[in-house]
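# Examination of the molecular architecture
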Amino acid sequence: MNHQSIKNLTLTAMFLAVGLLLPFLTGQIPQIGNMLLPMHIPVFLCALICGWQYGLPMAVILPLMRSLIFGAPPLFPTAVSMAFELGTYAFVAGFLYAHSKWQCIRALYRCILIAMIAGRFVWGVVQAILLGLSGSAFPFSAFLAGALLNAIPGIIIQLILIPSVMLALDRTKLVPFKRPQKHEPAVE
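First things first, this report covers the structure right here in the doc.

Scoring rules and cut-offs
- Residues numbered from 1 in each chain as written.
- Predicted model: local features only at pLDDT ≥ 70, side-chain atom pairs only at ≥ 80, totals over all residues.
- Heavy atoms only, no water.
- Helix = DSSP H or I, 4+ residues; strand = E, 2+ residues; numbered from the N terminus.
- Phe/Tyr/Trp six-rings, centres within 6.5 Å; stacked < 30°, edge-to-face > 60°.
- Buried < 20%, exposed > 50% of the residue type's maximum accessible area, 1.4 Å probe, protein only.
- Lys NZ or Arg CZ within 6 Å of the ring centre and 35° of its normal.
- Axes fitted to C-alpha atoms, helices over the stretch in contact; angles between N-to-C directions.
- Parallel < 35°, antiparallel > 145°, perpendicular 65-115°, else oblique.
- Left-handed = near helix turned anticlockwise from the far one by under 90°.
- Nonpolar A, V, L, I, M, F, W, Y, C, P; charged D, E, K, R; others polar.
- Patch = residues over 30% accessible without salt bridge, like charges linked within 9 Å, V, L, I, M, F, W, Y side chains within 5 Å.
- Areas by Shrake-Rupley, 256 points an atom, 1.4 Å probe, with all protein chains shown as cover.
- Salt bridge = Lys/Arg side-chain N within 4 Å of Asp/Glu carboxyl O.

That bond from Ala-72 to Pro-73 is cis: its omega, 0 degrees, falls within 30 degrees of zero. Put simply, Phe-76 and Pro-77 share a cis peptide bond, and its omega is -5 degrees. Relative to the helices and strands, Pro-77 resides in helix α5 (residues 75–98). For Leu-37, which is not glycine, the phi torsion reads 50 degrees and is therefore positive. As for its position among the elements, Leu-37 is in the loop between α2 (30–36) and α3 (40–50). The phi angle at Lys-173 is positive, at roughly 70 degrees, despite the residue not being glycine. Note on placement: Lys-173 falls in the segment after α8 (152–171).

Structural data, given as structure tokens:
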């Protein structure tokens, strides 16, 4: 195992721990805590910093582990559908960001927004399947409420906090943005 793999495994474990504990800070008032989407932030950061190969397994494990250890979120259907949703966020954001020609705030927002759309779509499909298997319905209004309307505060926080953290990591040279080579145009 090389130095970078050990570093990424260590960071992934730290992001998993943050994902397990962060909901305690926001969950004191369940209506507000659920709207802030606290487990999403460490998932995005892990995928962007360590890569989708580390972020994806961590994202799938996080809601399931949190459900089994703390009883929240409920395992079925919430934690199961969240595992698919968070896994999609990690894969899409990490893959797109790693394959961006160069990395900057614009590319970061593009990757995050595409991942958010894909993850919410996957969440809706999985919710519909799981609830259909249990004999319940998942109307489109429930999808809109769960995927968008109730999540607006969390989406705003993610769109402010994640790029801010990545910009700070770039400025401190801990996780620098990939810059264009001198012979490449800096247009995006």
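That shown, we press on.
The full count for this structure, using the stated rule, is seven aromatic pairs. With centroids separated by 5.6 Å and ring planes inclined at 80 degrees, the aromatic side chains of Trp-123 and Phe-138 adopt a geometry described as edge-to-face. You can see Trp-123 sitting in helix α6 (residues 105–133) and its partner Phe-138 sitting in the loop between α6 and α7 (140–149), a full 15 residues away along the chain. In this structure, Trp-123 and Phe-138 share a single accessibility class: buried. Here the aromatic residues Trp-123, Phe-138, Phe-140 and Phe-143 are joined through ring pairs into a cluster of three or more. Here the guanidinium or amino end of Arg-66 rests over the ring plane of Phe-24, the centre of that ring lying 4.7 Å away.

In this section: the packing of α5 against α6. Where α5 contacts α6, the two axes come as close as 8 Å, and the packing angle between them is 155 degrees. One element, α5, and the other, α6, form an angle in the roughly antiparallel class. Remark: the crossing between α5 and α6 carries right-handed chirality. Classifying every residue of the contact of α5 with α6 by side-chain character gives 21 nonpolar, five polar and two charged.

This part covers a nonpolar patch on the surface. Residues Phe-140, Leu-144, Leu-148, Leu-149, Ile-152, Ile-156 and Ile-160 make up a contiguous nonpolar surface patch of about 670 Å² in total accessible area. Elements with a contribution of two residues or more to the nonpolar patch: α7 and α8. The greatest single-element share of the nonpolar patch, amounting to four residues, is contributed by α7. Its place among the elements puts Ile-160 in helix α8. Of the residues examined, Ile-160 reaches a relative accessible area of 53% and is grouped as exposed.

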